[in-house]
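Structure assessment
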2 protein chains.
Amino acid sequence: MPASPIRKLVPFAEEAKRKGRKVYHLNIGQPDIKTPEVAREAVRQMPDQVIAYSHSAGNESYRRKLATFYQGIGIQVDHEEILVTTGGSEAITFSLMSTVNPDEEVIVPEPFYANYNGFSVAAGVKVVPITSDISSGFALPPMGEFERVITPRTRGIIICNPNNPTGYLYSKEELETLGEIVRKHDLYLFSDEVYREFCYDGESHFSAMNLRGLEQNVIMLDSVSKRYSMCGVRVGNLVTRNKEVISTALKFAQARLSPPSYGQVAGEAALDTPASYFREVYDEYIERRNFLVKALNQMPGVVCPTPKGAFYTVVRLPVDDADKFAKWILSDFEYKNQTVMMAPASGFYSTPGLGTQEVRIAYVLQKEELALAMETLAEALKAYPGRTL
Amino acid sequence: MPASPIRKLVPFAEEAKRKGRKVYHLNIGQPDIKTPEVAREAVRQMPDQVIAYSHSAGNESYRRKLATFYQGIGIQVDHEEILVTTGGSEAITFSLMSTVNPDEEVIVPEPFYANYNGFSVAAGVKVVPITSDISSGFALPPMGEFERVITPRTRGIIICNPNNPTGYLYSKEELETLGEIVRKHDLYLFSDEVYREFCYDGESHFSAMNLRGLEQNVIMLDSVSKRYSMCGVRVGNLVTRNKEVISTALKFAQARLSPPSYGQVAGEAALDTPASYFREVYDEYIERRNFLVKALNQMPGVVCPTPKGAFYTVVRLPVDDADKFAKWILSDFEYKNQTVMMAPASGFYSTPGLGTQEVRIAYVLQKEELALAMETLAEALKAYPGRTL
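Predicted model only: the values in this text are computed from it and were never measured. (Residues numbered from 1 in each chain as written. Chains lettered and ligands numbered in written order. Predicted model: local features only at pLDDT ≥ 70, side-chain atom pairs only at ≥ 80, totals over all residues. Heavy atoms only, no water.)

1. Points about the interface of chain B and chain A
If you look at the interface, chain B gives 48 residues, while chain A gives 48 residues. Both sides of the chain B and chain A interface together cover about 3900 Å² of buried area, and 58% of this is carbon and sulfur. Inspection of the region where chain B meets chain A yields zero salt bridges. There are 23 residue pairs in polar contact (both at pLDDT 80 or more) connecting chain B and chain A. Elements supplying a minimum of two residues to the side of chain B that touches chain A: α2 (37-44), α4 (87-99), α5 (115-123), α8 (243-255) and α9 (261-270) of chain B. Residue contributions to the side of chain B that touches chain A peak at five residues, all from α5(B). (Contact = heavy atoms within 4.5 Å. Buried area = accessible area lost by both parts, 1.4 Å probe. Salt bridge = Lys/Arg side-chain N within 4 Å of Asp/Glu carboxyl O. Polar contact = N/O pair within 3.5 Å; in protein donor to acceptor, adjacent residues only side chain to side chain. Helix = DSSP H or I, 4+ residues; strand = E, 2+ residues; numbered from the N terminus.)

Written as structure tokens, this is what we have:
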């Protein structure tokens, strides 16, 4: 696997810090939101004297409570349709390994979460991109684009909804269009919904699990990482009504023995997180997003769609090459002894040459810091030798 | 992947319990030993308000302390030669994926830890067995046996030392023989040393990391699961002086983001476990082992080598088929309303037809329970219709 554009920047960010500069990290998906106290307290109170393996599919009590959680948001599943995994990462890997043979293909709208590449390499699966565009706010590409790349080796489509990196929220209509393609070609639909709880502007999330008649095709991927801001517990899960997929995934799960016990205790307890927690988180993110989108669009030549979900946005900058700009701002620029780290969008495209003017910005900083970061970015765009304005 | 012989027994064990029978679990590697208090307390005291991703290679503080631990037992490595993984399982998977291409081969002395098959399937790697025999106490097969199966596609050899399932402890001489083969054919040596701390009778463990001149070939696999009886924290690590392997493994590690944060805190704190803990554990296991080996060898027709390490033994029973016997004892037998669950050894052999008279017994129960389990087994062997004595 090649090193990602973002990882190539790490030494430059470290160097900037060594020079005493403040670096605003807009490049990562690690929220600064506190983990719910109810989850941390459950871990502290865990009575077990032996921290033992759990069931390979995850603790039954946790799976039952997760099923109740899903039922509460309109997704009718039972605990036997859930497999607890070591983070959303493993949910994706197990799903691919259970359904797609080496050298078969999965279609993914790009820009996409760069680690899908890593999971596909691990599963021996080939990723086939179709391109969504900033001019449509990264909406689902039209059905014809999917048809164009479907071959006898195509086994499925991966979507991330709300989307990382674009923040785009697929509508019910888009999901139904996807459903038609899936049905017509008898594909799997891998629906990564780890940002489900982050939907803005009154928009509601439509889960792929609620596509009628596709019960055997849809595999939902989920995680507690973002929902409860506890990325480090490494607990996710896959959900499918396809018994054969669950049964095959369980065999991979048995080989790795069990998901983390502490994390499962945290995950189970987190399901009791009070509604007030989510209201505060919502208010915080919406304020950050509104501030960020406005600030970005006020910069000359910058194009930033308004993301309806998650906590990312992909932005077009008036620069020759966003990879170079992201390096330059860390290594050759400072404004009031501050600089900014962003993720060049080239790492989220599989088609060479795309996203060269785009970066992904995560709004995981408090508003005061975001403001300073935007001020710094605005000054940098004026000073950058490769600016195109 | 086919279901393992042990998993096929689970419904019969459940049925026996439903009938009110006491089932002694001699089939599993989950010790009953308490997790060190220092590890559990560190988790309770963890101050982080956000349970965040760690470094993909694991917390640096943990890797540094692990390096010091290894140095203390004579393995000279530094923290950059260590990658923290999600259990020993992931250490094996990452090692294989980083070094062996799909359809290439690794040689494994059988009987071997059944999950090596699962990891190999996940990595697309073919396992080639060579057979060790109960008559030699499961010693390393002679060099000629390795030579016989080495092909241009052979990339490495996996050993587990002390061994699961046999309890065999490889001598320094055996390791050096392996080293010669590895050197001659320029292979990788994957050395699973998760049972390193369980060596008996004054025997000392010789780590593959100390084979001279093979610094680029040896990858050591380790885990906190057995050492500190905390299988559920899911923390292991791989160690190698081969920088290219560490660098490739790190890319797979980055794709899955990070190992569990709680588990790493437990693992780091566990390195301060007092010596008295290990003395007690040693005394406990040696007493169980001595009792078990004696009890088994006193049963007519039973052959049980004396394992020098780990907490397993592979035993030959005077039965027509150990798979059938292991099922029969659960479903058709009881003695004082008790029965026994054992792991048929056929699941640990890759060559069809081997191990049909053998079972693996784990001595992870207290002596009083072991005594009742042995009494039950002895009676069962008298009553079993397929007995061969």
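So that's the structure; there's more coming.
2. Examining the side chain of A:Thr35
If you trace the backbone, A:Thr35 turns up in the loop between β1 (22-25) and α2 (37-44). On the basis of relative accessibility, which here comes to 5%, the residue A:Thr35 falls in the buried class. Within the local environment of A:Thr35, its side chain forms a polar contact with the backbone oxygen of A:Ser229, the two atoms lying 2.7 Å apart. Setting aside its immediate chain neighbours within four residues, A:Thr35 contacts A:Arg40, A:Tyr228, A:Ser229, A:Met230, A:Tyr277, B:Gln49, B:Val50 and B:Ile51. (Buried < 20%, exposed > 50% of the residue type's maximum accessible area, 1.4 Å probe, protein only.)

3. Topic: the packing of aromatic side chains
Evaluation of the coordinates by the stated rule reveals 42 aromatic pairs over all chains. Look at B:Tyr277 and B:Phe278: their rings are 5.3 Å apart centre to centre, the planes differ by 85°, and that puts the pair in the edge-to-face class. The partly exposed category is assigned to B:Phe278, whose relative accessible area is 28%. Put simply, the rings of A:Tyr195, A:Phe198, A:Tyr285, A:Phe311, A:Tyr312 and A:Tyr363 touch in pairs and so form one group of aromatic residues. (Phe/Tyr/Trp six-rings, centres within 6.5 Å; stacked < 30°, edge-to-face > 60°.)

4. Details of the domain arrangement of chain A
Residue and element names in this part refer to chain A. Domain boundaries assigned for chain A yield domain 1 (10-34 + 276-383) and domain 2 (37-270). Centre-to-centre separation of domain 1 and domain 2, based on C-alpha positions: 27 Å. Between domain 1 and domain 2, the residue contacts involve 33 residues of the former and 30 residues of the latter. For the pair domain 1 and domain 2, the two sides together bury roughly 2600 Å², of which 60% comes from carbon and sulfur. When the buried area of domain 1 at its contact with domain 2 is split by residue, Lys308, Ala310 and Phe348 rank highest and sum to 23% of it. (Domains from an automatic or database assignment.)

5. Section: the relation of the copies chain B and chain A
By a simple turn and slide, chain B fits onto chain A: the slide is 0.0 Å along the axis, the RMSD is 0.0 Å, and the turn is 180°. Both copies of the chain, as the preceding transformation shows, are related through a two-fold rotation axis. Considering only C-alpha atoms, the part of chain B nearest the rotation axis is B:Arg44, at 2.2 Å. Same-surface contact between copies: 100% of interface residues of chain B are shared with the interface of chain A. (Least-squares fit on C-alpha atoms with pLDDT ≥ 70 in both.)

6. Section: the sheet that holds strand β11 (residues 343-344) of chain A
The strands that make up a sheet pair up through hydrogen bonds in the backbone, lying either parallel or antiparallel. All names here are of chain A. With antiparallel pairing, the three strands of this open sheet are ordered in space as β9-β12-β11. What marks the edges here is a single partner per strand, and that holds for β9 (312-316) and β11. Here two bridges tie β11 to strand β12 (residues 358-362), and the two strands are oriented antiparallel to one another. Following the sheet pairing, Pro344 is matched in β12 by Val359. (Pairing = 2+ DSSP bridges.)

7. A short note on the confidence of the model for chain A
When pLDDT is averaged across chain A, the result is 95; 99% of the residues are at 70 or more. Across the whole predicted complex the pTM is 0.94, and at the interface the ipTM reaches 0.92. (pLDDT = per-residue confidence, 0-100.)

8. What to know about the sheet that holds strand β4 (residues 126-131) of chain A
All names here are of chain A. With mixed pairing, seven strands are arranged side by side in an open sheet as β2-β8-β7-β6-β5-β3-β4. Strands at the two margins of the open sheet, each flanked by one partner only, are β2 (82-85) and β4. Going from strand to strand, the sheet's axes swing by 25° on average, the running direction of each strand aside. Here β2 runs beside strand β8 (residues 236-239); their pairing, made up of four bridges, is antiparallel. Of the residues in β8, the one forming a bridge with Leu83 is Leu238. Along the sheet, helix α3 (residues 60-72) contacts β2, β7 (218-223) and β8; its crossing angle with β2, the most-contacted strand, is approximately 115°. (Axes fitted to C-alpha atoms, helices over the stretch in contact; angles between N-to-C directions.)

9. Observations regarding the pairing of β9(A)
All names here are of chain A. In terms of burial, β9 is a largely internal element, four of the five residues being buried. Note: β9 against β12, five bridges, orientation antiparallel. Bridge pairing links Arg316 to Glu358 in β12.

10. Comments concerning helix α12 (residues 367-383) of chain A
Residue and element names in this part refer to chain A. For α12, spanning 17 residues, the distance from its first C-alpha to its last is 24 Å, which sits close to the expected 24 Å at 1.5 Å a residue. Considered for burial, the residues of α12 that qualify are Leu370, Ala373, Met374, Thr376, Leu377, Ala378, Ala380 and Leu381. The elements touched by buried residues of α12 are β1, α10 (275-298), α11 (322-331), β10 (338-341) and β12. (Expected span 1.5 Å × (residues − 1).)

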